[in-house]
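Survey of secondary and tertiary structure
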Amino acid sequence: MTNEITTAVKQSVFIVGANSALGREVTRRLVAAGHPVTAAVTSSAAAKFVREDGATPAFPDLARVGEIRSAMQAMEAEIVLNLTPQIGNQIPQAGVSIDAQQREVSTLLEAAHTAAIKYLIHTGQVWDHSGASTVLSAGIPACVLRFGYLYGAQDDALGALRDGLKLGRPIPLGSEDATVSYITIADAAEAIMRALDARPQGVALDIVDDHAATPADFLRYFAEGQGLTPPGRLPRFALRALLRPDAIDQLDAAAHGDNTSAKQALDWQPRFTDYRAGIDDLLLTWRAAQTVSPVAVTVTE
C-alpha cells in the first residue's frame, strides 16, 4: 500500500469549512499538489488563514444558494469539499449541532447541483448517519467520509485542553463504558486526498483508527504523557448545567467506526493505528516546537 497521492490532473476545489484544523491541513496539501483551491469564509481573520495556506478566499453567504453557486462558478470549481461538520469535531466532544449542519448541507447541495459540480465529498462523524442519505441521493457524484474524533498537534482545542489539565480543571466525560473512535488530523487529511483521487461514489466510509477507546482512556494517556494529573470527572448535575441535553447524550453514546471499507476503497491505511501512537507523535511534535533557551558558553583563552 502506497503513502503518496499520484493524481496528475489538477482539479479546482471549493472548500467549505477550511478554517478548521483539518481544513487548513487539507488546503495546504491540495495547494502543494498544484490544485487551485477556493475556500468559503465568513470573516477577514479566516480569509487571512486561507491566504497563508495558499488558497483564495470567497465570501458567499452560506445560507443563500445563489451566492454559493456564483462563487463556485466564478472559480470554475469542479470539486466541492464540505468540511464544516469537522468544526467542533474535537476532544473533548463539543456537542456539534446536527440540525444546523443539516440546513447547511441542503443549501450547499442545491448550489453544487446547479453549478454542475463534478464531484462532492461531504464529511460527517461516525456517530451521525443522518446526513449521508441526503448527500448520496442528491444527484451529484459524491461520497461521505465519516470521521472519528479528530486530534493532532495543530489542534488549538487540544492545546486548550492541555492548559486546562495543568490548572487541574475537570473535563466533561461520559460513561466509562462508552468507547468511541479517533483519528489524527494527518490521517484524516490523507483519506480526503485519496478520496479525491479515487472518487468513490454512492458510499459512506468510516475514517477512523483501528482501535476504539473511551474518552477517559484517551485523556488519561494524554495527561500522563505530559506528567499531568489525569482529568477529574464532572458530576452529572454539573454536566446538566454546562451542556445541552443532546450534548450529554453524545458524551454517553458509544460511537464506533469500521475502517475496513475505507481501506479498500481508498487504498488508505491510518499511520497511527490507535490513540496511543497518535498521542505519542503529537507530544513529540509539541516538544520539538518548544523554544529552547540558549545556553551561555564561557570561552577561555
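Note that the coordinates shown come from a computational prediction; the quantities given were computed from them, not determined experimentally. (Residues numbered from 1 in each chain as written. Predicted model: local features only at pLDDT ≥ 70, side-chain atom pairs only at ≥ 80, totals over all residues. Heavy atoms only, no water.)

1. Describing the overall build of the protein
Counting secondary structure elements, the protein contains 12 helices and nine strands. Within the span of the protein, comprising 301 residues, buried residues form 49% of the whole. Of all intrachain contacts in the protein linking residues separated by at least 6 positions in sequence, the fraction that spans at least 24 positions is 78%. (Helix = DSSP H or I, 4+ residues; strand = E, 2+ residues; numbered from the N terminus. Buried < 20%, exposed > 50% of the residue type's maximum accessible area, 1.4 Å probe, protein only. Contact = heavy atoms within 4.5 Å.)

2. Describing the pattern of salt bridges
Using the criterion set out here, one finds 15 salt bridges in the structure. The partner of Glu52 in a salt bridge is Arg24, with the nearest N and O atoms 3.4 Å apart. Of this pair, Glu52 sits in helix α2 (residues 44-52) while Arg24 sits in helix α1 (residues 21-32); the two residues are 28 residues apart in sequence, bridging distant segments of the chain. Judged by relative accessible area, which is 18%, Arg24 ranks as buried. Linking Asp53 and Arg24 is a salt bridge whose minimum nitrogen-to-oxygen distance equals 2.8 Å. Separated by 29 residues along the polypeptide, Asp53 in the loop between α2 and β3 (56-58) and Arg24 in helix α1 bring together distant segments of the chain. Through salt bridges that share partners, Arg24, Glu25, Arg28, Arg29, Lys48, Glu52, Asp53, Glu190, Arg194 and Asp267 make up one connected network. (Salt bridge = Lys/Arg side-chain N within 4 Å of Asp/Glu carboxyl O.)

3. Here's the deal with the pairing of strand β4 (residues 79-82)
What you see with β4 is no split at all: Ile79 and Leu81 on one side and Val80 and Asn82 on the other are buried throughout. Of the strand pairs in this sheet, β4 and strand β5 (residues 119-125) are connected by four bridges, and their pairing is parallel. For Val80, the partnering residue across the bridge sits in β5 and is Leu120. (Pairing = 2+ DSSP bridges.)

4. Re the confidence of the model for the protein
Of all residues in the protein, 88% attain a pLDDT of 70 or more, and the chain-wide mean is 87. With pLDDT under 50 throughout, residues 1-6 is counted as low confidence; its partners more than four residues away or in other chains account for 13 contacts. (pLDDT = per-residue confidence, 0-100.)

5. Re the packing of helix α8 (residues 215-224) against helix α12 (residues 275-289)
Remark: α8 packs on α12, axes separated minimally by 10 Å, with the N-to-C direction vectors making an angle of 35°. The crossing of α8 and α12 is right-handed. Side by side, α8 and α12 meet where Asp217, Phe218, Tyr221 and Phe222 of the first sit next to Tyr275, Arg276, Ile279, Asp280, Leu282, Leu283 and Trp286 of the second. Here the residues of the contact of α8 with α12 sort into eight nonpolar, no polar and three charged. (Axes fitted to C-alpha atoms, helices over the stretch in contact; angles between N-to-C directions. Left-handed = near helix turned anticlockwise from the far one by under 90°. Nonpolar A, V, L, I, M, F, W, Y, C, P; charged D, E, K, R; others polar.)

6. Thoughts on the nonpolar core
Within the largest apolar cluster, 36 residues are counted, with the highest numbers of intra-cluster contacts made by Leu22, Leu145, Ile192 and Ile207. Those residues in contact with Ile192 that lie beyond four places of it in its chain are Leu22, Val26, Leu81, Leu83, Ile121, Leu145 and Phe147. Judged by nonpolar contacts, the second largest core, of 25 residues, contains Val126, Leu165, Tyr275 and Leu283. (Core = buried A, V, L, I, M, F, W, Y, C linked by side-chain atoms within 4.5 Å.)

7. A short note on the packing of helix α6 (residues 156-166) against α8
The N-to-C vectors of α6 and α8 enclose an angle of 70°; their axes lie 11 Å apart at closest approach. One element, α6, and the other, α8, form an angle in the roughly perpendicular class. Contacts between α6 and α8 involve Leu158, Leu161, Arg162 and Leu165 from the first element and Leu219, Phe222 and Ala223 from the second. Residue classes in the contact of α6 with α8 are distributed as six nonpolar, no polar and one charged. (Parallel < 35°, antiparallel > 145°, perpendicular 65-115°, else oblique.)

8. Section: α6
For α6, the set of buried residues is Ala157, Leu158, Gly159, Leu161, Gly164 and Leu165. Elements in contact with the buried residues of α6: β7 (149-151), α8 and α12. Looking one or two residues beyond α6, the residue adopting positive phi is Gly168, at roughly 75°.

9. Section: α2
Three or more residues of α2 are buried, namely Ala46, Ala47 and Val50. Each buried residue of α2 sits inside an arc of 100° when the element is viewed along its axis, so together they form one side. More than 90 degrees from the buried face of α2, the exposed residues found are Ser44 and Arg51. Buried-residue contacts for α2 involve β2 (37-40) and β3. Where α2 ends, the next residue or the one after it, Gly54, has phi of about 95°, a positive value. (Arc of directions from axis to C-beta.)

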